Amino acid sequence: MTAVDAPTANPVPRPVTDHATKERRAAWALTAPALILMVVILLVPVIIAGMLSLTNYSLGNESFDWVGTKNYEKLFTRSTYEKMFLATLTYVVTVVPISVGLGLGAALLINSLGRFREVYKTIYFLPVMATLLAMAIAWEFMLHPSIGMINRTLEMGCGTFLENLWPFMAEGCATRFPVWLGDKRYAIWVICFIGIWQGFGFNMVLYLAGLTSVHRELYHAAEMDGAKSAWERFRLVTWPALGPTTVFVVTISCIRAFQVFDTVEAFWPQGGGPNKSTYVMMFAIFEKGVQQNLIGIGSAITMLFLIFVMFLTLIQRWLVERKVHY
Amino acid sequence: MTRDWWKHLILILGVIVVIAPFYMMVSYSFKSPGEIDRGEGGFFGRQELMVDERCVKLRDPSRDDISTATDRFPGQSDSEIRDALLAEATAECSMRPVVFNYTKAFTEAPLLRYLLNGIIVTASIFLIQVVVALPAAYALAKLKFWGREAVFGLVLFCLLIPVHAIALPLYIMLAKLGLTNTYAALVVPWTISVFGIFLMRQFFMTVPDDLIDAARMDGMGEFAIVWRVMLPTAIPALLAFAIFSIVAHWNDYFWPRIVVTGNRDLFTPPLGLREFKGDGDGSFFGPMMATATVIVAPLIVAFLIAQKRFIEGITLSGMK
């Protein structure tokens, strides 16, 4: 469309070499801004973090000392950081399988429906779109020990058969229901729950897209071969066909899970939760590196974080290349 | 339908859990503090007139006010005039809870400013990303040059680095340059979208070479080709990328939290909400939820209007 109104001059064909040089120059001119920014914004910081993790640097100080691997030793010996790894690992190991499982479950259910598919899809996707910080504050109100909707709903169950059925209920009615965010037994699970709540719709949408690519004939073929039950059909046809989607969904869920921050900071601006039970890595980087100006430690955590994330992505790429269809 | 009832049952239970915080957020933004405390009033609250205590206190009549008002209340004692003035103030400070909550949301904190900042930051990020990524993607897809493979390899490598993960060294660099607490700090780290380069390159690979050759025949330079030939063909992909980028940066909290400290004029919407929460003495649930609703609403409304495009955009990263 735009080619038409361009000036139609220069009909003489230029020599080939001249053209090649021109193309090369243009190519470098076109990629230069991106290239420079990539180096300055993505690569240089990684190198800086790597170097600073070996120092005791603080912003504002003129000089610093090289301390070798001391920062890393601290990470692996102090109990604070043990709690950090525990919280991060608990979060990732809980949120990833459950949000992937729920995403797959919801996708399968929705895909098998005739009506209302779009309605469910839209609603389940809402948390993905919403500002997580705002929703964290909404959840905080829901979890408020006295006026929150959750404990109010639980209180309604008092005096009913639920009390006999469910020890948690009996205990809550007899004394009181948990304070959720203030209780170190529940805090990390609340964070996990919100992570799942926010993320499973994303996985569902990816699985729904993956399901449209499963061929109908495969189901017929499987039935011919004696796969009678729905479970057999799922195991033999759907699950293998969703392999690539699963690899991708698991990786991206992992990377997102490692980066959990908003909810933790919103609930406990200081310290990372009751007894540091929700002291996740991103929060640790923020607290140590930015708030307390302990750049060395913060950089060491950053490096570990990068290694985890890169490792995960490399596994994903390897899996995608190796066994796209297993 | 009858056969599927159990599926609907499960899905509806899920819907309840997913919707609950949204329901509560919007509902609280309608209710008076008393209704929130006691948990009454259904979804909309009863919308009985309520008195804004602070507004009344601010209008507490002084001696001067009383003496100037003697004309209006002839033959009354000072204390009677005082009571009359107080009654007036109370009447003028009464309003429906929904009005109270939303006016407070916009007057207690500069919410409009926050929203404007959000727009400025997300829009500049997206525009710069396109200006940087599009030419590079074109060169990588359609031009032959020595080093192309190396550049593309670098793009693939950089895809491994999440910007949030390197926030600390980026923060140090910006601090060294004296750029913290500026718009630049909010925008700069996001100006390079390796994902955008990758995505647009994959898209440009599918554009026929004939189109470009024809443009060259017409005497267009490579720069002109990028903006006048490639850009128009890339509109659908760019739209999806726009949604991806805008949603991510409107909702981002981590990075603004690091580089903006204290300077309210630079707060993005999530930061503003965070400060609102920090300020609140607990009785401000209504206005706070009104703020949250205002911040969440633009994207949700846009999403409900153009669901297909949004889902496409957000799940972009899932395309191979």
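All figures in this text were calculated on a predicted structure; none of them were measured in a lab.

Criteria and thresholds
- Residues numbered from 1 in each chain as written.
- Chains lettered and ligands numbered in written order.
- Predicted model: local features only at pLDDT ≥ 70, side-chain atom pairs only at ≥ 80, totals over all residues.
- Heavy atoms only, no water.
- Helix = DSSP H or I, 4+ residues; strand = E, 2+ residues; numbered from the N terminus.
- Buried < 20%, exposed > 50% of the residue type's maximum accessible area, 1.4 Å probe, protein only.
- Contact = heavy atoms within 4.5 Å.
- Areas by Shrake-Rupley, 256 points an atom, 1.4 Å probe, with all protein chains shown as cover.
- Rg over C-alpha atoms; globule rule 2.2 N^0.38 Å.
- Lys, Arg positive; Asp, Glu negative; His and termini not counted.
- Charge placed at Lys NZ, Arg CZ, Asp CG, Glu CD.
- Buried area = accessible area lost by both parts, 1.4 Å probe.
- Salt bridge = Lys/Arg side-chain N within 4 Å of Asp/Glu carboxyl O.
- Domains from an automatic or database assignment.
- Core = buried A, V, L, I, M, F, W, Y, C linked by side-chain atoms within 4.5 Å.
- Axes fitted to C-alpha atoms, helices over the stretch in contact; angles between N-to-C directions.
- Parallel < 35°, antiparallel > 145°, perpendicular 65-115°, else oblique.
- Left-handed = near helix turned anticlockwise from the far one by under 90°.
- Nonpolar A, V, L, I, M, F, W, Y, C, P; charged D, E, K, R; others polar.
- Expected span 1.5 Å × (residues − 1).
- Arc of directions from axis to C-beta.
- Phe/Tyr/Trp six-rings, centres within 6.5 Å; stacked < 30°, edge-to-face > 60°.
- Lys NZ or Arg CZ within 6 Å of the ring centre and 35° of its normal.

Draft legend 1. The arrangement of the overall build of chain A in detail. When you go through chain A residue by residue, the secondary structure sums to 15 helices and zero strands. Overall, chain A is about 95 × 75 × 40 Å in size when its C-alpha atoms are taken along their principal axes. When burial is assessed residue by residue, chain A has 52% of its 326 residues classed as buried. A separation threshold of at least 6 residues defines the contact pool for chain A, and within that pool the share at least 24 residues apart is 65%. When the accessible surface of chain A is summed, it comes to about 15800 Å², and 65% of that surface belongs to carbon and sulfur atoms.

Draft legend 2. Local environment of the overall build of chain B. A tally of helices and strands in chain B yields 18 helices and two strands. Relative to the globule expectation of 20 Å for 320 residues, the C-alpha radius of gyration of chain B, 28 Å, shows a markedly less compact shape. Dimensions of chain B along its principal axes, counting C-alpha atoms only, are 95 × 65 × 40 Å. For chain B, the residues scored as buried account for 51% of the 320 residues in total. Restricting the contact set of chain B to residue pairs at least 6 apart, pairs at least 24 apart contribute 72%. Looking at chain B as shown, the accessible area adds up to about 14600 Å², and 65% of this sits on carbon and sulfur atoms. Counting 28 positive and 29 negative side-chain charges, chain B places the centres of these two groups 10 Å from one another.

Draft legend 3. Here's a closer look at unusual backbone geometry. Residues and elements named next belong to chain A. With phi around 65°, phenylalanine 116 is a residue other than glycine that occupies positive phi space. Structurally, the position occupied by phenylalanine 116 is in the loop between helix H3 (79–111) and helix H4 (117–129). Residues other than glycine seldom take positive phi values, yet tryptophan 180 does so here, at roughly 50°. Within the fold, tryptophan 180 resides in the loop between helix H8 (167–174) and helix H9 (187–211). On the basis of relative accessibility, which here comes to 13%, the residue tryptophan 180 falls in the buried class.

Draft legend 4. How the structure looks around the interface of chain B and chain A. Each partner contributes residues to the interface: chain B has 104 residues there, and chain A has 98 residues. Of the roughly 8900 Å² buried between chain B and chain A on both sides combined, carbon and sulfur atoms contribute 78%. Among the residues of chain B in contact with chain A, Leu11(B), Leu160(B) and Leu168(B) are the three that bury the most area, contributing 8% of the side total. Our count for the chain B to chain A interface comes out at two salt bridges.

Draft legend 5. Representation of the domain arrangement of chain B. Residue and element names in this part refer to chain B. When the domains of chain B are assigned, the result is domain 1 (25–108) and domain 2 (111–279). For domain 1 versus domain 2, the separation of C-alpha centres amounts to 48 Å. Residue-level contacts link four residues of domain 1 with five residues of domain 2. Surface buried jointly by domain 1 and domain 2 totals about 340 Å² across both partners, of which 73% is contributed by carbon and sulfur atoms. It is Ala105, Phe106 and Glu108 that lose the most area in domain 1 upon contact with domain 2, and together they represent 98% of the buried surface on that side.

Draft legend 6. Molecular detail of the nonpolar core. Counting residues in each nonpolar core, the largest one holds 209 residues, and the members touching the most others are Leu42(A), Tyr124(A) and Phe204(B). Looking at this core, you find at least three residues from each of domain 1 (25–108) and domain 2 (111–279) of chain B.

Draft legend 7. Up close: the packing of H9(A) against helix H12 (residues 243–258) of chain A. All names here are of chain A. At their nearest, the axes of H9 and H12 sit 10 Å apart, and the two run at 165° to each other. Considering the angle they form, H9 stands roughly antiparallel to H12. The chirality of how H9 crosses H12 is right-handed. Within the contact between the two elements, H9 uses Phe202, Asn203, Leu206, Tyr207 and Gly210 and H12 uses Thr245, Thr246, Phe248, Val249, Ile252, Ser253 and Arg256. Of the residues belonging to the contact of H9 with H12, the class tally is six nonpolar, five polar and one charged.

Draft legend 8. Structural detail: helix H6 (residues 97–108) of chain B. Residue and element names in this part refer to chain B. The end-to-end C-alpha distance of H6 is 15 Å, a good match for the 16 Å that 12 residues give at a rise of 1.5 Å each. Turning to H6, its buried residues are Pro97, Phe100, Asn101, Lys104 and Ala105. Projected down its long axis, H6 carries its buried residues within an arc of 130°, all on one side.

Draft legend 9. Focus on the pattern of salt bridges. Summed over all chains, the structure comprises 10 salt bridges over all chains. Between Glu265(A) and Arg274(B) there is a salt bridge, and its shortest N-O distance comes to 3.0 Å. Separated into two different chains, Glu265(A) in helix H13 (residues 262–267) and Arg274(B) in helix H16 (residues 269–279) make up a pair that spans both. This pair shows no difference in class: Glu265(A) is buried, exactly as Arg274(B) is. A salt bridge links Arg148(B) to Glu149(B), with the nearest nitrogen and oxygen atoms 3.9 Å apart. What makes Arg148(B) partly exposed here is its relative accessible area of 23%. What you see here is one network of salt bridges that share partners, running through Glu265(A), Arg257(B) and Arg274(B).

Draft legend 10. Looking closely at helix H9 (residues 167–176) of chain B. All names here are of chain B. Counted residue by residue, H9 has seven buried out of 10 residues, so it is predominantly covered. Turning to H9, its buried residues number three or more, namely Ala167, Leu168, Pro169, Leu170, Tyr171, Ile172 and Leu174. Once H9 finishes, glycine 178 follows within two positions and takes phi at roughly 70°, a positive value.

Draft legend 11. Highlighting the packing of aromatic side chains. For the coordinates displayed, the defined rule picks out 38 aromatic pairs over all chains. Measuring from centroid to centroid gives 6.1 Å for Phe258(A) and Phe305(A), while their planes differ by 75°, and the two rings are edge-to-face. Within this pair, whereas Phe258(A) is found in helix H12, its partner Phe305(A) is found in helix H15 (residues 295–322), the two being separated by 47 residues in sequence. Under the relative-accessibility criterion, Phe305(A) is labelled buried at 0%. Aromatic pair Phe30(B) and Phe44(B): ring centres 5.4 Å apart, planes at 25°, arrangement stacked. Residue Phe30(B) is located in the loop between helix H1 (5–28) and helix H2 (33–38), and its partner Phe44(B) is located in the loop between H2 and strand S1 (50–51); the two are separated by 14 residues in the primary sequence. The lysine or arginine in question, Lys276(A), covers the ring of Tyr279(A), its NZ or CZ lying 4.3 Å from the ring centre. Against the face of Phe152(B) rests Arg201(B), its NZ or CZ located 3.8 Å from the ring centre.

Draft legend 12. Highlighting the side chain of Gln259(A). For Gln259(A), the position within the fold is in the loop between H12 and H13. Apart from the residues within four sequence positions on either side, Gln259(A) is in contact with Met282(A), Phe305(A), Pro162(B) and His164(B).

Draft legend 13. Geometry of the packing of H3(A) against helix H14 (residues 281–291) of chain A. Where H3(A) meets H14(A), the closest approach of the two axes is 9 Å, and the angle between their N-to-C directions is 145°. Judged by residue contacts, Tyr81(A), Met84(A), Phe85(A) and Thr88(A) of H3(A) engage Met281(A), Ala284(A) and Lys288(A) from H14(A).

Draft legend 14. Representation of the environment of His164(B). Locating His164(B) in the fold gives a position in the loop between helix H8 (148–158) and H9. For His164(B) and Ala150(B), which are 14 residues apart along the polypeptide, the C-alpha to C-alpha distance reads 25 Å. Ignoring anything within four residues of it in the chain, the contact list for His164(B) reads Gln259(A), Met282(A), Trp190(B), Asp252(B), Phe254(B) and Trp255(B).

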